[in-house]
Amino acid sequence: MPFQQEQKVGTQTNKSIIGTVEGLTTLERPTFWFYIPYTKDLSNSSAEFSLQDSAVNDIYRNAIALPSKPSIIGISLPSTASLKLDKIYRWYLKVRCNQETVSIPVYVEGDIKRINLDVRLMQQLEAANEPRKKIIIYAEKGIWFDALNLLE
């Protein structure tokens, strides 16, 4: 997925690294995929995923168990949380690397918007006889969440 990284420096000497990702989906409850690439033990660490609407109301918020080794994790929305058509939502995955000391969380955030497919795009997807071709079609249109879910 396209990723923009920026580094913000507060009044303290600590720095927060922020990444922003944007994408589209056709799914009411997409799965959000994250690579956890850490190199040290995160046994004293915590993570939280949250999804908010444009008015900054929580749609979903949950603590996330971190894997014991570098890997990809999928976070699916429960039946109580769903995306409405043509609305933009903001999601966050925040990791606090050490709970024993005060630390600034490292996080990635992004926007997701649920759309309907137009007739032409639906025909292209129906004509694609291999999953790989469908993934390429979704990716070319910026429908990253559906493309990633097909890779599952």
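Residues numbered from 1 in each chain as written. Predicted model: local features only at pLDDT ≥ 70, side-chain atom pairs only at ≥ 80, totals over all residues. Heavy atoms only, no water.

K.L.:
What's the story with the pairing of strand β4 (residues 46–52) in this structure? I'm lost.
P.N.:
Put simply, side chains in a regular strand alternate between the two faces of the sheet. β4 sits mainly inside the fold: 5 of its 7 residues count as buried. Of the strand pairs in this sheet, β4 and strand β7 (residues 88–96) are connected by 7 bridges, and their pairing is antiparallel. Of the residues in β7, the one forming a bridge with E48 is K94. Where β4 meets strand β5 (residues 58–64), 6 bridges bridge the pair, whose relative direction is antiparallel. The residue bridging L51 from the neighbouring strand is Y60, located in β5. Count of turn residues in the β4/β5 antiparallel hairpin: 5 residues, of which V56 carries a positive phi of about 65 degrees. (Buried < 20%, exposed > 50% of the residue type's maximum accessible area, 1.4 Å probe, protein only. Helix = DSSP H or I, 4+ residues; strand = E, 2+ residues; numbered from the N terminus. Pairing = 2+ DSSP bridges.)

K.L.:
Could you clarify how one ought to interpret the pattern of salt bridges in this entry?
P.N.:
Pairing between side chains becomes possible if they bear opposite charge and their charged atoms approach one another. Under the definition given, this model contains 5 salt bridges. Measuring nitrogen to oxygen at the nearest pair gives 3.9 Å for the salt bridge that ties E28 to R29. The class of R29 is partly exposed, set by a relative accessible area of 34%. Residues R61 and E48 are paired through a salt bridge, measuring 2.8 Å at the closest nitrogen-oxygen approach. Here R61, found in strand β5, pairs with E48, found in strand β4; they are 13 residues apart in sequence, far enough to count as distant. Classification of R61 as partly exposed rests on a relative accessible area of 38%. Residue classification places E48 among the partly exposed positions, given a relative accessible area of 29%. Here the residues in one salt-bridge network are E48, D58 and R61, joined through shared partners. (Salt bridge = Lys/Arg side-chain N within 4 Å of Asp/Glu carboxyl O.)

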